[in-house]
Amino acid sequence: MDLITNKADLQTWVNAKGGRYRALVPTMGALHRGHTSLFDLARLHADEKAGDVLATIFVNPTQFGPSEDYDAYPRPLEEDLKECRQHGVDAVFAPVASDMYAPNRSITITESNLTRGLCGASRPGHFDGVCTVVAKLFLLTRADVAVFGEKDYQQLAVIRRMVRDLDFPIEIIGAPTVRESDGLALSSRNAYLSSAERAQAPILHRALQVTAEAIRERRVKTAQEARLYFEEAFSVASLARLDYFDIVEASTLQSLSGEISLAAEATRLLAAAFYGKTRLIDNCAGLRGN
Ligand code: AMP
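Since the model is a prediction, treat every value here as computed from it, not as a measurement. (Residues numbered from 1 in each chain as written. Predicted model: local features only at pLDDT ≥ 70, side-chain atom pairs only at ≥ 80, totals over all residues. Heavy atoms only, no water.)

Caption draft 1: Representation of the site of the ligand. By nearness alone, 16 residues border the ligand, and H35, G149, D152, V178 and L186 come closest of all. Note that an oxygen atom of the ligand is positioned 2.9 Å from one of the backbone N or O atoms of M28. Within the backbone of L186, an N or O atom sits 2.8 Å from a nitrogen atom of the ligand. Bound to the protein, the ligand loses 92% of the 480 Å² it would expose on its own. Contributing elements (two or more residues each) for the shell around the ligand: β2 (22-27), α2 (33-48) and β5 (145-149). Tallying contributions element by element places α2 first for the shell around the ligand, with 3 residues. Considering only residue class, the shell around the ligand consists of 7 nonpolar, 7 polar and 2 charged. (Near = heavy atom within 4 Å. Polar contact = N/O pair within 3.5 Å; in protein donor to acceptor, adjacent residues only side chain to side chain. Areas by Shrake-Rupley, 256 points an atom, 1.4 Å probe, with all protein chains shown as cover. Helix = DSSP H or I, 4+ residues; strand = E, 2+ residues; numbered from the N terminus. Nonpolar A, V, L, I, M, F, W, Y, C, P; charged D, E, K, R; others polar.)

Caption draft 2: Geometry of the environment of H205. Counting through the fold element by element, H205 comes out in helix α9 (residues 203-216). For H205, a relative accessible area of 11% puts it in the buried group. The sequence separation of H205 and I281 amounts to 76 residues, and the corresponding C-alpha distance is 9.0 Å. Once residues lying within four places of it in the same chain are set aside, the contact partners of H205 are R179, G183 and D282. (Buried < 20%, exposed > 50% of the residue type's maximum accessible area, 1.4 Å probe, protein only. Contact = heavy atoms within 4.5 Å.)

Caption draft 3: Region of interest: the state of the cysteines. Scanning all chains against the criterion turns up 0 disulfides. Here C119 stays free of any disulfide, with the sulfur of C131 as its closest cysteine sulfur at 13 Å. Residue C119 is classed as buried on the basis of its relative accessible area of 6%. (Disulfide = S-S within 2.5 Å.)

Caption draft 4: How the structure looks around unusual backbone geometry. Positive phi outside glycine occurs at L118, with the angle close to 50°. With respect to the helices and strands, the residue L118 is situated in helix α5 (residues 118-122). Residue R142 is not a glycine yet carries a positive backbone phi of 45°. With respect to the element layout, R142 can be found in the loop between α6 (126-141) and β5. For R142, a relative accessible area of 42% puts it in the partly exposed group.

Caption draft 5: Representation of the side chain of R227. Along the polypeptide, R227 turns up in helix α10 (residues 223-234). Residue R227 is classed as buried on the basis of its relative accessible area of 18%. Setting aside anything within four residues of it in sequence, one finds R227 in contact with F245, D246, I247, S255 and L256.

Caption draft 6: Region of the structure containing the side chain of S188. Assignment of secondary structure puts S188 in the loop between β6 (171-175) and α8 (195-200). Overall, S188 belongs to the buried group, its relative accessible area being 9%. A polar atom in the side chain of S188 sits 3.2 Å from the backbone oxygen of A30. In this structure the side chain of S188 is engaged in a polar contact, spanning 3.4 Å, whose partner is the side chain of Y73.

Caption draft 7: Seen up close, the packing of aromatic side chains. According to the stated counting rule, one finds 8 aromatic pairs in the structure shown. Measuring from centroid to centroid gives 5.4 Å for F64 and Y70, while their planes differ by 70°, and the two rings are edge-to-face. Among the aromatic side chains, those forming a connected cluster through ring pairs are F230, F234, F245 and Y275. Stacked on the ring of Y70, the Lys or Arg R75 has its end atom at 4.9 Å from the ring centre. Directly above the aromatic system of Y101 lies the positively charged group of R105, at a separation of 4.7 Å from the ring centroid. (Phe/Tyr/Trp six-rings, centres within 6.5 Å; stacked < 30°, edge-to-face > 60°. Lys NZ or Arg CZ within 6 Å of the ring centre and 35° of its normal.)

Interpretation note: all reported values are geometric properties and have no functional meaning in isolation.
As structure tokens, this is what we get:
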């Protein structure tokens, strides 16, 4: 496995590969089974085309708000490289921020519709940072396909939109969320939770699931009822503070209002909550499996 630590070496590596097929998995490191499931999926796609899997490990400063955990974010590079090796990654690009960003950089990519609500409302500027770094990674790596987790559902939708609207020649694949046995979605941030918070953390997933079930069984018929139902189910997480819950149309992320039609486009339920200072997010399919 090749370790590439700067943009110039990445260009040399990419050029040496000629037209060889490439599957990209962008991450911020602190790798867990959620990330490695993306490597495995990328490996399958790459193998079909006799291609390579390229992972990136970069804690991207521009997607963190001023009061967020950029400095504290875990960076266990040696362990991460081991995971990459074990999951068939051919090369890892792990640059430093000063290589990725010119000090007087002045161009940012802004998605102006899908990012208005949900995490975009709670984390101003976050998706500008995500879009800009992902666009840079697409250009630098010239990958044919990139794999992203449904765990970050809004991010996946925003990246699909960016690729569509800016004509990036890349295919985007969404991968299902990998969970602990109690339902908690794996996240690098789970390590911040106290044991009491960890014990209540799966309630976020459970409350989403029971709300989705109530909608499917028509015990809950309107978006407003869904919100109340979720809040009630989540209220048993006494240590948590709900950031948001919403029920949206799956591809546009538009909030539903009024009656939830069984004939509606696929819906998605999304939520975020603070457990102490740790912000967890999760989502699940609504009416139709999606
Ligand atoms: P991050 O390192 O948090 O930026 O995540 C890198 C990629 O891994 C993103 O596409 C995430 O959606 C994905 N990811 C993170 N956690 C999970 C999980 N539990 N299951 C599946 N994918 C995940």
